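# Tertiary structure, described
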Amino acid sequence: MREKNKQAVATSSKSFFENGMRGHSAVSSITDLGNDKYLIKRTGNRPDIKIIVADIYIAGEAEIYEINPNLFDIDCIILIGFYNRYSFAAKDLAKSMNVGLFDNREFFGAVNFTGEALVNYEKKKKDD
């Protein structure tokens, strides 16, 4: 998937992600397009989305440039490893490319939205 730092996404992480998406009420089907890309067909009037999954411990701007969403014609980058996170700068950079950047848990909420609401989705913070 990534040119400079080829890190394979663990099969177990991909299986967990795929199974979660198959059971999601907003998803009618998920198709593996190869090279860590998926097509997600959604329920209702929601348009299909193309995503790429990555296993990056902490994604920064450099990783977003490496993935370069524009080359892959994708709507979202999903960090599917359990401990994966991203920097605020990486999130903002992805948004500037009109691409959503999410960890696995966030994407389960984001997949319900379309357009700018999808790209700009942020998980609600719990009150302390």
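Summarised in this report is the structure supplied together with it. Only a predicted model underlies this, so the values are computations on that prediction, with no experimental measurement involved. (Residues numbered from 1 in each chain as written. Predicted model: local features only at pLDDT ≥ 70, side-chain atom pairs only at ≥ 80, totals over all residues. Heavy atoms only, no water.)

## Remarks on unusual backbone geometry
Backbone geometry at Asn 35 places phi at a positive 55°, although glycine is not the residue there. Despite not being glycine, Asn 98 has its phi angle at roughly 60°, a positive value. Its place among the elements puts Asn 98 in the loop between helix 4 (88-96) and strand 7 (100-103). (Helix = DSSP H or I, 4+ residues; strand = E, 2+ residues; numbered from the N terminus.)

## Describing the pattern of salt bridges
What the rule picks out here adds up to four salt bridges. A salt bridge links Lys 41 to Asp 48; the shortest N-O distance between them is 3.2 Å. Lys 41 gets classed as partly exposed once you look at its relative accessible area, which sits at 34%. Look at Asp 48 and you get partly exposed, because its relative accessible area is 37%. (Salt bridge = Lys/Arg side-chain N within 4 Å of Asp/Glu carboxyl O. Buried < 20%, exposed > 50% of the residue type's maximum accessible area, 1.4 Å probe, protein only.)

## Some thoughts on the environment of Asn 120
Along the chain, the position of Asn 120 falls in the segment after helix 6 (115-119). Under the relative-accessibility criterion, Asn 120 is labelled partly exposed at 36%. Each C-alpha atom, one on Asn 120 and one on Val 99, is 8.7 Å from the other, the two residues being 21 residues apart in sequence.

## Re the pairing of strand 2 (residues 37-42)
With burial as the criterion, only one face of strand 2 is covered, namely that bearing Tyr 38, Ile 40 and Arg 42; the residues Lys 37, Leu 39 and Lys 41 on the opposite face remain uncovered. Where strand 1 (residues 27-34) lies against strand 2, six bridges are found, and the strand directions are antiparallel. Paired with Asp 32 across the strands is Tyr 38, a residue of strand 2. Linking strand 1 to strand 2, which pair antiparallel, is a turn of two residues; within it Asn 35 sits at a positive phi near 55°. Here strand 2 runs beside strand 3 (residues 49-54); their pairing, made up of four bridges, is antiparallel. Along strand 3, the bridge assignment pairs Ile 40 with Ile 49. Here strand 2 folds back onto strand 3, and the loop between the two strands holds six residues, one of which, Gly 44, carries a positive phi near 65°. (Pairing = 2+ DSSP bridges.)

## Quick notes on the pairing of strand 7
Every second residue of strand 7 is oriented toward a common face, with Gly 100 and Phe 102 on one face and Leu 101 and Asp 103 on the other, all of them buried. Of the pairings in the sheet, the one linking strand 5 (residues 76-79) to strand 7 comprises four bridges and is parallel in character. For Leu 79, the partnering residue across the bridge sits in strand 7 and is Asp 103.

## Topic: the nonpolar core
In terms of nonpolar packing, the biggest core is built from 20 residues, with Phe 17, Ile 40, Ile 51, Val 53, Ile 78, Phe 102 and Phe 107 touching the most fellow members. Elements represented by at least two residues in this core include exactly helix 1 (11-22), strand 1, strand 2, strand 3, strand 5 and helix 5 (104-110). With three residues, the top contributor of residues to this core is strand 3. What Phe 17 contacts, discounting residues up to four positions off in sequence, is Ile 30, Tyr 38, Ile 51, Val 53, Ile 78, Ile 80, Asn 104 and Phe 107. One finds Ile 64, Phe 72, Ile 77 and Leu 79 within the second-largest nonpolar core, a separate group that totals 17 residues. (Core = buried A, V, L, I, M, F, W, Y, C linked by side-chain atoms within 4.5 Å. Contact = heavy atoms within 4.5 Å.)

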